[in-house]
Amino acid sequence: MRLKHKPWGEKIIQENLDLVITPERLKEDIFQNFIKKENLYIEIGSGKGDFIIEMAKKYPSYHFIAVEMQSMAIAYIVRKLESENIDNILLVNSDIGYIFEELHGIKFQSIFLNFSDPWPKKRQQKRRLTYPTKLKEYAHIIARDGKLIFKTDNEPLFIDSLEYLKESPFELVSYTYNYLGDDDFDAPTEYEKKFRTLGTPIKRYIAKLKND
């Protein structure tokens, strides 16, 4: 969902350039040093940041990168972080496609895809974050024992995404059409909280790299 622009959005980002990276700044030390840290995790499509902030609080020794295309969503994350004492998050205001090359050779312990845009029209589906071309890219940046974790409320997207895995470098570890949120290594997103209130079942899969 496209967020409405707010006057304070650009200002808060410009005031926090030590926290927010744009594609033209990927060569700078702030990004290069962060991706060399141990215990590295990435969320692609972070929305307003409820998931990534909660995970960073729960696991202060881990390092989290939040990738989000919408500048206004990034601004909301920055505003939330102002009231938190968190130093293990870096925000990247970009489409993931622009930064894959920069991440090759970097190995994430988990890649999180939370409530991604379903792109329901057939001509749009190549833009899905679970599409086979994306899965091939993820295979380059995930640790051998790492996990790809996908959550959604959208059943057609989930069904398609399970199919995409079959011809990808990944294999299923587990999946459910009614995830109860009972995995300790997880946190709810803002969308997830809304859907649970409405009684909408949450779908989730965990995948790993296939054994050679």
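Residues numbered from 1 in each chain as written. Predicted model: local features only at pLDDT ≥ 70, side-chain atom pairs only at ≥ 80, totals over all residues. Heavy atoms only, no water.

## Observations concerning the environment of Pro 7
Then step 1. Residue placement: Pro 7 occurs in helix 1 (residues 7-14).
Then step 2. Sequence separation between Pro 7 and Met 72 is 65 residues; the distance between their C-alpha atoms is 9.7 Å. (Helix = DSSP H or I, 4+ residues; strand = E, 2+ residues; numbered from the N terminus.)

## Quick word on the sheet that holds strand 5 (residues 108-114)
Then step 1. Taken in spatial order, the 8 strands line up as 1-4-3-2-5-6-8-7 in an open sheet, and their pairing is mixed. Only two strands of the sheet have a single neighbouring strand rather than two, namely strand 1 (20-21) and strand 7 (170-176).
Then step 2. Here strand 7 pairs with strand 8 (residues 203-209) via 6 bridges, running antiparallel. Residue Leu 172 lies in a different strand from strand 8, and its bridge partner there is Ala 207.
Then step 3. Packing against the sheet, helix 3 (residues 50-58) makes contact with strand 2 (40-44), strand 3 (63-68), strand 4 (89-93), strand 5 and strand 6 (142-152), and its axis sits at approximately 175° to strand 3.
Then step 4. Lying on the sheet, helix 6 (residues 132-141) is in contact with strand 2, strand 5, strand 6, strand 7 and strand 8; it crosses strand 6 at an angle near 140°. (Pairing = 2+ DSSP bridges. Contact = heavy atoms within 4.5 Å. Axes fitted to C-alpha atoms, helices over the stretch in contact; angles between N-to-C directions.)

## A short note on the pairing of strand 2
Then step 1. In terms of burial, strand 2 is a largely internal element, 5 of the 5 residues being buried.
Then step 2. Burial along strand 2 is two-sided: Leu 40, Ile 42 and Ile 44 facing one way and Tyr 41 and Glu 43 facing the other are all buried.
Then step 3. As defined by bridge partners, strand 2 adjoins strand 3 across 5 bridges and the pair is classed as parallel. Across the sheet, the residue bridging to Leu 40 is His 63, located in strand 3.
Then step 4. Between the parallel pair strand 2 and strand 3, the chain is carried across by helix 3, and the sense of this crossover is right-handed.
Then step 5. Bridge count for strand 2 against strand 5 is 3 bridges, and the pairing is parallel. By the bridge assignment, Tyr 41 is partnered in strand 5 with Ser 110. (Buried < 20%, exposed > 50% of the residue type's maximum accessible area, 1.4 Å probe, protein only. Right-handed = clockwise from strand over helix to strand, strands pointing away.)

## Overview of the nonpolar core
Then step 1. Formed by 38 residues in total, the largest nonpolar core has its most connected members in Ile 111, Tyr 138 and Phe 170.
Then step 2. When residues in this core are grouped by element, the largest group, 5 residues, is from helix 7 (residues 155-166).
Then step 3. Discounting chain neighbours no more than four positions away, the residues touching Phe 170 are Leu 135, Tyr 138, Ala 139, Ile 142, Leu 148, Leu 165, Ala 207, Lys 208, Leu 209 and Lys 210.
Then step 4. Counting 27 residues, the second largest nonpolar core, distinct from the first, contains Ile 53, Tyr 59, Ile 89 and Ile 149. (Core = buried A, V, L, I, M, F, W, Y, C linked by side-chain atoms within 4.5 Å.)

## A look at the packing of aromatic side chains
Then step 1. By the definition in use, this model includes 20 aromatic pairs.
Then step 2. Measuring from ring centre to ring centre gives 5.3 Å for Tyr 59 and Tyr 62, while their planes differ by 5°; the resulting arrangement is stacked.
Then step 3. Feature note: the residues Tyr 41, Phe 51, Tyr 59, Tyr 62, Phe 64, Phe 112 and Phe 185 constitute an aromatic cluster, connected by ring pairs.
Then step 4. Above the ring of Tyr 76, the side-chain terminus of Lys 48 is found at 4.5 Å from the ring centroid. (Phe/Tyr/Trp six-rings, centres within 6.5 Å; stacked < 30°, edge-to-face > 60°. Lys NZ or Arg CZ within 6 Å of the ring centre and 35° of its normal.)

## Some points on the pattern of salt bridges
Then step 1. Under the definition given, this model contains 13 salt bridges.
Then step 2. Glu 28 serves as the salt-bridge partner of Arg 25, at 3.0 Å between the closest nitrogen and oxygen.
Then step 3. Classification of Glu 28 by relative accessible area gives partly exposed; the value is 35%.
Then step 4. Here the residues in one salt-bridge network are Lys 151, Asp 186, Glu 192 and Arg 196, joined through shared partners. (Salt bridge = Lys/Arg side-chain N within 4 Å of Asp/Glu carboxyl O.)

## Quick look at the environment of Ile 30
Then step 1. Here Ile 30 shows up in helix 2 (residues 29-34).
Then step 2. When the C-alpha positions of Ile 30 and Pro 132 are compared, they lie 31 Å apart, and in sequence the two are 102 residues distant.
Then step 3. In contact with Ile 30, other than residues within four places in its own chain, are Leu 17, Asp 18, Leu 19, Ile 21, Arg 25 and Leu 90.

## Topic: helix 4 (residues 71-81)
Then step 1. In terms of residue burial, helix 4 counts as a mostly covered element, since 8 of its 11 residues are buried.
Then step 2. Among all positions of helix 4, only Met 72, Ala 73, Ile 74, Ala 75, Tyr 76, Ile 77, Val 78 and Leu 81 are buried.
Then step 3. Buried positions along helix 4 lie against helix 1, strand 1, helix 3, strand 3 and strand 4.

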